[in-house]
Amino acid sequence: MSVAIVNPTIPSDRDIERNPKLEKVNKDNPYLRSFDNSLITDVIVTRLNSSSTAKDVEAAGLGPEYAVGQGVNSNGFVIDINGIGSSPEKAGATARFLGKRLQEDLYSAQKVNGADDSYLFTSLVIVEPGKPVEQFSSRLRSLIMVALGGGILLLGTLSVATSVGRSRAERARLRSESMELEEPSNVQRIADATTANESSSKSPANSARSRRQAAAGGGD
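Definitions and cut-offs
Residues numbered from 1 in each chain as written. Predicted model: local features only at pLDDT ≥ 70, side-chain atom pairs only at ≥ 80, totals over all residues. Heavy atoms only, no water. Helix = DSSP H or I, 4+ residues; strand = E, 2+ residues; numbered from the N terminus. Buried < 20%, exposed > 50% of the residue type's maximum accessible area, 1.4 Å probe, protein only. Contact = heavy atoms within 4.5 Å. Pairing = 2+ DSSP bridges. Axes fitted to C-alpha atoms, helices over the stretch in contact; angles between N-to-C directions. Parallel < 35°, antiparallel > 145°, perpendicular 65-115°, else oblique. Left-handed = near helix turned anticlockwise from the far one by under 90°. Patch = residues over 30% accessible without salt bridge, like charges linked within 9 Å, V, L, I, M, F, W, Y side chains within 5 Å. Areas by Shrake-Rupley, 256 points an atom, 1.4 Å probe, with all protein chains shown as cover. Salt bridge = Lys/Arg side-chain N within 4 Å of Asp/Glu carboxyl O. Lys, Arg positive; Asp, Glu negative; His and termini not counted. Charge placed at Lys NZ, Arg CZ, Asp CG, Glu CD. Core = buried A, V, L, I, M, F, W, Y, C linked by side-chain atoms within 4.5 Å. Expected span 1.5 Å × (residues − 1). Nonpolar A, V, L, I, M, F, W, Y, C, P; charged D, E, K, R; others polar.

Moving on, we come to the overall build of the protein chain. Per the secondary structure count, the protein chain includes six helices and four strands. In sequence order, the secondary structure elements of the protein chain are arranged as β-α-α-α-β-β-α-β-α-α. Among the 220 residues that make up the protein chain, the fraction classed as buried is 21%. Restricting the contact set of the protein chain to residue pairs at least 6 apart, pairs at least 24 apart contribute 65%.

All right, on to the pairing of strand 1 (residues 2–6) then. Judged by how many residues are buried, strand 1 sits mostly within the fold: four of five residues are covered. As defined by bridge partners, strand 1 adjoins strand 3 (residues 78–83) across three bridges and the pair is classed as antiparallel. Bridging across to strand 3, serine 2 finds its partner in aspartate 80. Of the pairings in the sheet, the one linking strand 1 to strand 4 (residues 122–127) comprises five bridges and is antiparallel in character. Within strand 4, the residue paired with isoleucine 5 across the bridge is serine 123.

With that settled, the discussion passes to the packing of helix 3 (residues 51–59) against helix 4 (residues 88–110). One way to put it is that helix 3 packs onto helix 4 with a least axis distance of 11 Å and a crossing angle of 130°. One element, helix 3, and the other, helix 4, form an angle in the oblique class. Considering how the two elements wind past one another, helix 3 and helix 4 form a crossing that is right-handed. Along the contact surface, helix 3 presents Thr53, Asp56 and Val57, while helix 4 presents Thr94, Phe97, Leu98 and Arg101.

It is worth spelling out a negative patch on the surface at this point. A cluster of acidic side chains, namely Asp13, Asp15, Glu17 and Glu23, defines a negative patch on the protein surface. Relative to the helices and strands, glutamate 23 resides in the loop between helix 1 (13–18) and helix 2 (39–48). A residue is classified by how much of its surface remains accessible, and glutamate 23, at 45% relative accessible area, is partly exposed.

So, on to the nonpolar core. Membership of the largest hydrophobic core comes to 21 residues, with the highest contact counts inside it found for Ile5, Ile40, Ile44, Val68, Ile79, Ile81 and Leu102. For this core, the secondary structure elements donating two or more residues are strand 1, helix 2, strand 2 (66–70), strand 3 and helix 4. When neighbours within four sequence positions are excluded, valine 68 is seen to be in contact with Val45, Leu48, Asn49, Ile79, Asp80, Ile81 and Leu98.

Next up on the list: helix 4. Compared with an ideal rise of 1.5 Å per residue, which puts 23 residues at 33 Å, helix 4 spans 34 Å between its outermost C-alpha atoms and is within 8% of the ideal. Within the span of helix 4, buried status applies to Ala91, Gly92, Thr94, Ala95, Leu98, Gly99, Arg101, Leu102, Asp105, Leu106, Ala109 and Gln110. Among the structural elements, strand 1, helix 2, helix 3, strand 2, strand 3 and strand 4 are those in contact with the buried residues of helix 4.

We now examine the sheet that holds strand 3. Spatial strand order, 2-3-1-4: four strands in an open sheet with antiparallel pairing. Each end of this open sheet is capped by a strand with a single partner; those strands are strand 2 and strand 4. Pairs of neighbouring strands in the sheet enclose a mean axial angle of 25°, with direction left out of account. Each of strand 1, strand 2 and strand 3 is contacted by helix 2, which is oriented at about 170° to strand 2, the strand it contacts most.

This next bit is on the packing of helix 2 against helix 4. Between helix 2 and helix 4, the shortest axis-to-axis distance is 10 Å and the interhelical angle comes to 125°. One way to sum up the angle between helix 2 and helix 4 is to call them oblique. Regarding helix 2 and helix 4, the two cross each other, and that crossing is right-handed. On the side of helix 2, the interface is formed by Ile40, Ile44, Arg47 and Leu48, while helix 4 contributes Leu98, Arg101, Leu102, Asp105, Leu106, Ser108, Ala109 and Gln110. Tallied by class, residues from the contact of helix 2 with helix 4 come to seven nonpolar, two polar and three charged.

Let us now look at the pattern of salt bridges. Two side chains with opposite charge may pair up if their charged atoms get near one another. For the structure on display, the rule yields five salt bridges. A salt bridge links aspartate 56 to arginine 101; the nearest nitrogen and oxygen atoms lie 2.8 Å apart. Linking aspartate 56 in helix 3 with arginine 101 in helix 4, this pair joins segments that are 45 residues apart in sequence. By relative accessible area, aspartate 56 is classed as partly exposed at 33%. For lysine 111, the salt bridge identified is with aspartate 117, shortest N-O distance 3.2 Å. Judged by relative accessible area, aspartate 117 falls into the partly exposed class, the value being 44%. Taken together, the shared-partner salt bridges connect Arg47, Asp56, Arg101 and Asp105 into one network.

Right under this line is the structure:
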(Lines give C-alpha, C1' and ligand atoms only; values in the text may rest on other atoms or scores of the structure.)
Protein backbone atom coordinates (compact mmCIF):
# COMPACT_ATOMS: atom_id res chain seq x y z
CA MET A 1 0.00 0.00 0.00
CA SER A 2 1.03 3.65 -0.44
CA VAL A 3 0.35 6.50 1.95
CA ALA A 4 0.86 10.20 1.24
CA ILE A 5 1.99 12.64 3.93
CA VAL A 6 -0.06 15.81 3.58
CA ASN A 7 1.01 19.25 4.77
CA PRO A 8 -1.26 20.93 7.34
CA THR A 9 -3.49 23.81 6.33
CA ILE A 10 -2.00 26.54 8.50
CA PRO A 11 -4.37 29.44 9.24
CA SER A 12 -3.48 32.56 7.33
CA ASP A 13 -3.27 36.04 8.85
CA ARG A 14 -6.69 36.77 7.43
CA ASP A 15 -8.10 33.63 9.08
CA ILE A 16 -6.62 34.74 12.41
CA GLU A 17 -8.17 38.19 12.01
CA ARG A 18 -11.53 36.57 11.49
CA ASN A 19 -11.02 34.19 14.37
CA PRO A 20 -8.61 35.63 16.98
CA LYS A 21 -8.71 32.33 18.91
CA LEU A 22 -6.52 30.78 16.25
CA GLU A 23 -3.70 33.05 17.38
CA LYS A 24 -3.68 31.41 20.80
CA VAL A 25 -3.40 27.79 19.69
CA ASN A 26 -0.14 25.89 20.12
CA LYS A 27 1.77 26.04 16.81
CA ASP A 28 4.88 24.23 18.08
CA ASN A 29 5.23 21.39 15.61
CA PRO A 30 9.03 20.86 15.30
CA TYR A 31 8.70 19.38 11.82
CA LEU A 32 7.12 22.58 10.49
CA ARG A 33 10.27 24.45 11.47
CA SER A 34 12.49 22.18 9.40
CA PHE A 35 13.82 23.55 6.13
CA ASP A 36 13.04 20.14 4.57
CA ASN A 37 9.38 19.33 5.10
CA SER A 38 10.04 15.70 4.08
CA LEU A 39 11.87 15.23 7.38
CA ILE A 40 8.65 13.93 8.92
CA THR A 41 8.54 11.21 6.22
CA ASP A 42 12.09 10.12 7.07
CA VAL A 43 11.16 9.91 10.74
CA ILE A 44 8.08 7.76 10.09
CA VAL A 45 9.97 5.39 7.76
CA THR A 46 12.68 5.02 10.42
CA ARG A 47 10.10 4.23 13.09
CA LEU A 48 8.32 1.65 10.97
CA ASN A 49 11.63 -0.07 10.20
CA SER A 50 12.69 -0.14 13.85
CA SER A 51 13.09 -3.37 15.81
CA SER A 52 10.31 -2.34 18.22
CA THR A 53 7.80 -2.13 15.36
CA ALA A 54 8.97 -5.50 14.03
CA LYS A 55 8.36 -7.03 17.47
CA ASP A 56 4.86 -5.52 17.59
CA VAL A 57 4.08 -6.93 14.14
CA GLU A 58 5.27 -10.36 15.23
CA ALA A 59 3.34 -10.11 18.51
CA ALA A 60 0.19 -9.50 16.47
CA GLY A 61 0.69 -12.91 14.84
CA LEU A 62 1.89 -11.43 11.56
CA GLY A 63 5.09 -11.91 9.62
CA PRO A 64 8.02 -9.85 10.94
CA GLU A 65 9.33 -9.51 7.40
CA TYR A 66 8.13 -6.41 5.55
CA ALA A 67 9.49 -3.49 3.59
CA VAL A 68 8.87 0.21 4.19
CA GLY A 69 10.43 3.04 2.20
CA GLN A 70 9.79 6.28 0.39
CA GLY A 71 7.96 6.01 -2.90
CA VAL A 72 9.88 6.52 -6.12
CA ASN A 73 9.63 10.09 -7.48
CA SER A 74 7.41 11.06 -4.56
CA ASN A 75 9.52 14.05 -3.46
CA GLY A 76 9.66 12.47 -0.03
CA PHE A 77 5.94 12.66 0.73
CA VAL A 78 4.81 9.12 -0.15
CA ILE A 79 5.57 6.01 1.89
CA ASP A 80 5.32 2.56 0.31
CA ILE A 81 4.51 -0.39 2.58
CA ASN A 82 4.97 -4.00 1.47
CA GLY A 83 3.55 -6.59 3.83
CA ILE A 84 4.94 -10.13 3.73
CA GLY A 85 3.23 -13.17 5.21
CA SER A 86 2.93 -16.93 4.96
CA SER A 87 -0.49 -16.49 3.29
CA PRO A 88 -2.21 -13.79 1.19
CA GLU A 89 -4.37 -12.90 4.18
CA LYS A 90 -1.39 -12.40 6.48
CA ALA A 91 0.48 -10.36 3.89
CA GLY A 92 -2.49 -7.98 3.52
CA ALA A 93 -3.00 -7.86 7.29
CA THR A 94 0.66 -6.93 7.77
CA ALA A 95 0.37 -4.04 5.32
CA ARG A 96 -2.80 -2.76 7.02
CA PHE A 97 -1.22 -3.11 10.48
CA LEU A 98 1.73 -1.01 9.36
CA GLY A 99 -0.60 1.54 7.75
CA LYS A 100 -2.36 2.00 11.08
CA ARG A 101 0.95 2.17 12.88
CA LEU A 102 2.05 4.87 10.46
CA GLN A 103 -0.90 7.06 11.43
CA GLU A 104 -0.18 6.57 15.13
CA ASP A 105 3.53 7.36 14.78
CA LEU A 106 2.81 10.35 12.57
CA TYR A 107 0.50 11.83 15.17
CA SER A 108 2.63 11.10 18.25
CA ALA A 109 5.86 12.37 16.67
CA GLN A 110 4.33 15.81 16.00
CA LYS A 111 2.59 16.11 19.35
CA VAL A 112 5.87 16.06 21.25
CA ASN A 113 5.43 19.77 22.13
CA GLY A 114 1.64 19.65 22.28
CA ALA A 115 1.02 21.30 18.91
CA ASP A 116 -2.59 21.87 17.92
CA ASP A 117 -4.01 19.34 15.43
CA SER A 118 -4.44 22.07 12.86
CA TYR A 119 -0.63 22.30 12.66
CA LEU A 120 0.03 18.60 12.10
CA PHE A 121 0.88 16.66 8.97
CA THR A 122 -1.76 14.07 8.17
CA SER A 123 -1.77 10.82 6.19
CA LEU A 124 -3.82 9.86 3.17
CA VAL A 125 -3.98 6.35 1.77
CA ILE A 126 -3.57 6.59 -1.99
CA VAL A 127 -3.16 2.87 -2.80
CA GLU A 128 -4.90 0.18 -0.78
CA PRO A 129 -3.18 -3.20 -0.26
CA GLY A 130 -3.27 -5.00 -3.60
CA LYS A 131 -3.37 -8.68 -4.47
CA PRO A 132 -0.44 -10.48 -2.81
CA VAL A 133 2.16 -12.00 -5.10
CA GLU A 134 3.81 -15.28 -4.12
CA GLN A 135 7.54 -15.03 -3.55
CA PHE A 136 10.31 -17.36 -2.46
CA SER A 137 10.78 -17.25 1.30
CA SER A 138 14.21 -16.49 2.75
CA ARG A 139 14.43 -20.09 4.00
CA LEU A 140 13.62 -21.46 0.57
CA ARG A 141 16.15 -19.10 -0.98
CA SER A 142 18.74 -20.45 1.47
CA LEU A 143 17.89 -24.04 0.54
CA ILE A 144 18.19 -23.18 -3.16
CA MET A 145 21.58 -21.57 -2.58
CA VAL A 146 22.76 -24.63 -0.61
CA ALA A 147 21.54 -26.92 -3.41
CA LEU A 148 23.31 -24.84 -6.04
CA GLY A 149 26.47 -24.80 -3.95
CA GLY A 150 26.29 -28.59 -3.54
CA GLY A 151 25.81 -29.02 -7.28
CA ILE A 152 28.80 -26.83 -8.04
CA LEU A 153 30.91 -28.72 -5.48
CA LEU A 154 29.82 -32.05 -7.01
CA LEU A 155 30.72 -30.87 -10.51
CA GLY A 156 34.08 -29.67 -9.23
CA THR A 157 34.74 -33.04 -7.54
CA LEU A 158 33.81 -34.95 -10.70
CA SER A 159 36.03 -32.69 -12.76
CA VAL A 160 38.98 -33.28 -10.43
CA ALA A 161 38.35 -37.03 -10.41
CA THR A 162 38.19 -37.09 -14.21
CA SER A 163 41.39 -35.10 -14.45
CA VAL A 164 43.18 -37.44 -12.02
CA GLY A 165 41.92 -40.48 -13.95
CA ARG A 166 43.14 -39.05 -17.23
CA SER A 167 46.51 -38.20 -15.68
CA ARG A 168 46.91 -41.75 -14.37
CA ALA A 169 45.92 -43.23 -17.72
CA GLU A 170 48.43 -40.96 -19.47
CA ARG A 171 51.22 -42.01 -17.09
CA ALA A 172 50.36 -45.68 -17.63
CA ARG A 173 50.44 -45.16 -21.39
CA LEU A 174 53.80 -43.44 -21.25
CA ARG A 175 55.16 -46.24 -19.03
CA SER A 176 53.92 -48.85 -21.50
CA GLU A 177 55.49 -47.03 -24.45
CA SER A 178 58.75 -46.74 -22.53
CA MET A 179 58.82 -50.47 -21.87
CA GLU A 180 58.11 -51.19 -25.53
CA LEU A 181 61.00 -48.96 -26.51
CA GLU A 182 63.31 -50.78 -24.09
CA GLU A 183 62.39 -54.30 -25.29
CA PRO A 184 64.06 -53.96 -28.76
CA SER A 185 67.28 -53.01 -26.95
CA ASN A 186 67.20 -56.31 -25.06
CA VAL A 187 66.58 -58.15 -28.28
CA GLN A 188 69.47 -56.30 -29.86
CA ARG A 189 71.78 -57.25 -26.99
CA ILE A 190 70.80 -60.91 -27.41
CA ALA A 191 71.38 -60.67 -31.16
CA ASP A 192 74.77 -59.07 -30.60
CA ALA A 193 75.72 -61.84 -28.19
CA THR A 194 74.68 -64.49 -30.71
CA THR A 195 76.70 -62.83 -33.47
CA ALA A 196 79.70 -62.67 -31.20
CA ASN A 197 79.44 -66.39 -30.45
CA GLU A 198 79.16 -67.19 -34.12
CA SER A 199 82.20 -65.06 -34.90
CA SER A 200 84.15 -66.75 -32.16
CA SER A 201 83.31 -70.19 -33.50
CA LYS A 202 84.59 -69.21 -36.96
CA SER A 203 87.94 -67.88 -35.73
CA PRO A 204 91.23 -69.67 -36.95
CA ALA A 205 91.97 -71.11 -33.54
CA ASN A 206 88.61 -72.71 -33.31
CA SER A 207 88.95 -74.04 -36.90
CA ALA A 208 92.30 -75.65 -36.13
CA ARG A 209 90.91 -77.21 -32.97
CA SER A 210 88.03 -78.58 -34.95
CA ARG A 211 90.40 -80.16 -37.56
CA ARG A 212 92.48 -81.79 -34.84
CA GLN A 213 89.40 -83.20 -33.24
CA ALA A 214 88.25 -84.42 -36.61
CA ALA A 215 91.69 -86.03 -37.29
CA ALA A 216 91.69 -87.68 -33.93
CA GLY A 217 88.33 -89.04 -34.66
CA GLY A 218 89.50 -90.39 -37.99
CA GLY A 219 92.38 -92.22 -36.35
CA ASP A 220 89.99 -93.98 -34.05
